[in-house]
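Remarks on the overall topology
Listed below are the residues making up each chain.
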Amino acid sequence: MTEGKRVVLGVTGGIAAYKAAELTRVLVKKGVFVKVIMTGHAKEFISPLTFQVLSGNPVFSDMFSQEYYDMNHISLAEYGDVMVVAPATANIIGKMATGIADDLLSTVLLATKAPIVACPAMNDNMYTHGVVQENIAKLKKHGVQFVAPGYGELACKLEGVGRLADIADIVEAIEAAWTEKDLRGEHILVTAGPTREPFDPVRFITNYSSGKMGYALATMAARRGAEVILISGPSSLPVPRGVTFISVASALEMRDALMTHLEGTTAIIKAAAVADYRPAVLSESKIKKKGPLTLQLERNPDIIAEIGAKKENRVLVGFAMESEDLVENARAKLIAKNMDLIVANDLHQSGAGFQCDTNIIKILDPQGGVEEIPLMDKMDIANRILDRVKILTNAKRS
Ligand code: PMT
């Protein structure tokens, strides 16, 4: 997915050039091959040696250097799966928008057929200037993707918009840029995380779900071009880029959010660990300790069963977290709740289920099929589930 991909990183002359070193390090750590092109101004801010050491490749800058001519057989314009400009100054954005090719970076940017991700960073007066905004709008029309700068203290000590976006956001944009958009046209609703069922203002019943499985599904579906709504119970994970995010706490809130957004969805994937029960009484004040406490619980609505009952043409995928008889229990839920697929994960298998970055799953279908997917990263697991969803949505359409 990411390992083995190739990025050409253009670094231009702004104070945020030092952050491009961290971007290089993060990409290389993910197994990406990075070649760096620096403008002359960038070299005033940071030494080429930094990028050479971090990328493990020579750094290119001069169009007419021997180095560049020596490697011409692998042209830089053709090398990258994605070209990134970080930081992108007003100057390079202006050159890109007007087709100026007067140094190595601007020439390669014009010559490449690879997707381009530009990450502006500059003073806020420059960034909000009409000319810069027009240039950005023009480049967007030509397919250049922008990772918008953030708000905060700028190098000039003023506060404003113009700080280079977070490295994690830039990496996400790069990974999205080389991903085939095979889910374009799909409207996928994903639920993730635990629910919280309160019984007084400070206490609640919950479970161990971190949200990782559901967030991975939302991330990969968005990368693959789907419109994604992520309805999440409490989680500390960052909101995936490019998704519509709805934060909920209890099962009842999750149900309301889901029913509100059901219209227009082509697939629903319920990775959330929804509490089956909630305290029957919610005390308005904190319950004092005085001996044993008995909580009366009442059933929460079975959200997936409700959707299954009025599924129409949508693809409905549930999860099953089981501690015994994984396949039998999962199959019973699949049939009873009218799902198209159920993803079974085993509570007792190491590397599967709650909290970890990996999962081990079995995908069951109503025809009796069982696809076994061995231990892998939740992002890869998400892709395997989405591959199955894609087949089903296509089949339902035809
Ligand atoms: O979040 P992570 O830490 O990454 O962990 C991932 C996970 C283990 C939570 C995930 O992989 C998973 O298995 N989620 C479903 C867990 C679960 O609640 O299983 P269940 O067998 O209780 O529920 C079956 C299905 O019905 C689920 O799709 C669930 O979302 C849905 N459900 C359950 C109860 C309820 N009241 N309404 C529902 O819609």
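Preceding this section is the structure that the text describes.
First, a word on what this report is: a plain description of the structure on this page. (Residues numbered from 1 in each chain as written. Predicted model: local features only at pLDDT ≥ 70, side-chain atom pairs only at ≥ 80, totals over all residues. Heavy atoms only, no water.)

Of the regular secondary structure elements, the protein holds 15 helices and 19 strands. Structurally, the protein occupies a C-alpha span of about 75 × 50 × 40 Å along its principal axes. Of the contacts made within the protein by residues no fewer than 6 positions apart, 66% connect residues no fewer than 24 positions apart. Carbon and sulfur atoms form 52% of the exposed surface of the protein, whose accessible area is close to 19100 Å². (Helix = DSSP H or I, 4+ residues; strand = E, 2+ residues; numbered from the N terminus. Contact = heavy atoms within 4.5 Å. Areas by Shrake-Rupley, 256 points an atom, 1.4 Å probe, with all protein chains shown as cover.)

With that settled, the discussion passes to the site of the ligand. As a structural note, the neighbourhood of the ligand is formed by 27 residues, with Ser 209, Ser 210, Lys 333, Asn 345 and Gln 355 the closest of them. Within the backbone of Lys 270, one N or O atom sits 2.7 Å away from an oxygen atom of the ligand. Between an oxygen atom of the ligand and a main-chain N or O atom of Gln 355, the distance comes to 2.6 Å. Notes on the ligand: free accessible area 770 Å², of which the protein chains cover 96%. The element that contributes the greatest number of residues to the shell around the ligand is strand β16 (residues 315–322), accounting for 4 residues. (Near = heavy atom within 4 Å. Polar contact = N/O pair within 3.5 Å; in protein donor to acceptor, adjacent residues only side chain to side chain.)

For the rest of this paragraph, the subject is the packing of aromatic side chains. The geometry of two aromatic rings is summed up by the distance between their centres and the angle between their planes. Enumeration over the complete set of coordinates arrives at 2 aromatic pairs. When the centroid spacing of 6.3 Å and the interplanar angle of 65° are considered together, the rings of Tyr 215 and Phe 245 count as edge-to-face. In this pair, Tyr 215 is assigned in helix α11 (residues 212–223) and Phe 245 in strand β12 (residues 244–247), connecting sequence segments 30 residues apart. Look at Tyr 215 and you get buried, because its relative accessible area is 5%. Its end group placed over the ring of Tyr 79, Lys 35 keeps NZ or CZ at 4.3 Å from the ring centre. (Phe/Tyr/Trp six-rings, centres within 6.5 Å; stacked < 30°, edge-to-face > 60°. Buried < 20%, exposed > 50% of the residue type's maximum accessible area, 1.4 Å probe, protein only. Lys NZ or Arg CZ within 6 Å of the ring centre and 35° of its normal.)

On to the sheet that holds strand β2 (residues 33–38), then. Sheet architecture is open: 5 strands sit in the order β2-β1-β3-β4-β5, paired in parallel fashion. Edge positions in the open sheet fall to β2 and β5 (145–146), since each of these has one partner strand only. When strand β1 (residues 6–11) meets strand β3 (residues 82–88), the two strands line up parallel, connected through 4 bridges. Considered in β3, the bridge of Gly 10 is made with Val 85. Strands β1, β2, β3 and β4 (116–120) of the sheet are contacted by helix α7 (residues 104–111), whose axis makes an angle of about 140° with β3. (Pairing = 2+ DSSP bridges. Axes fitted to C-alpha atoms, helices over the stretch in contact; angles between N-to-C directions.)

The terminal C-alpha atoms of helix α15 (residues 378–397) lie 28 Å apart, and with 20 residues this matches the ideal 28 Å at 1.5 Å per residue to within 8%. Within α15 the residues assigned to the buried category are Lys 378, Ile 381, Ala 382, Asn 383, Ile 385, Leu 386, Arg 388, Val 389 and Thr 393. (Expected span 1.5 Å × (residues − 1).)

The step from Ala 86 to Pro 87 runs through a cis peptide bond, and the omega angle for that step is -5°. With respect to the element layout, Pro 87 can be found in strand β3. Its identity as a non-glycine residue notwithstanding, Glu 312 has a phi of 50°, on the positive side. Note that Glu 312 resides in the loop between α13 (303–309) and β16. The exposed category is assigned to Glu 312, whose relative accessible area is 64%. Positive phi, close to 75°, is recorded for Gln 355, a residue that is not glycine. Along the chain, the position of Gln 355 falls in the loop between β17 (341–346) and β18 (358–364).

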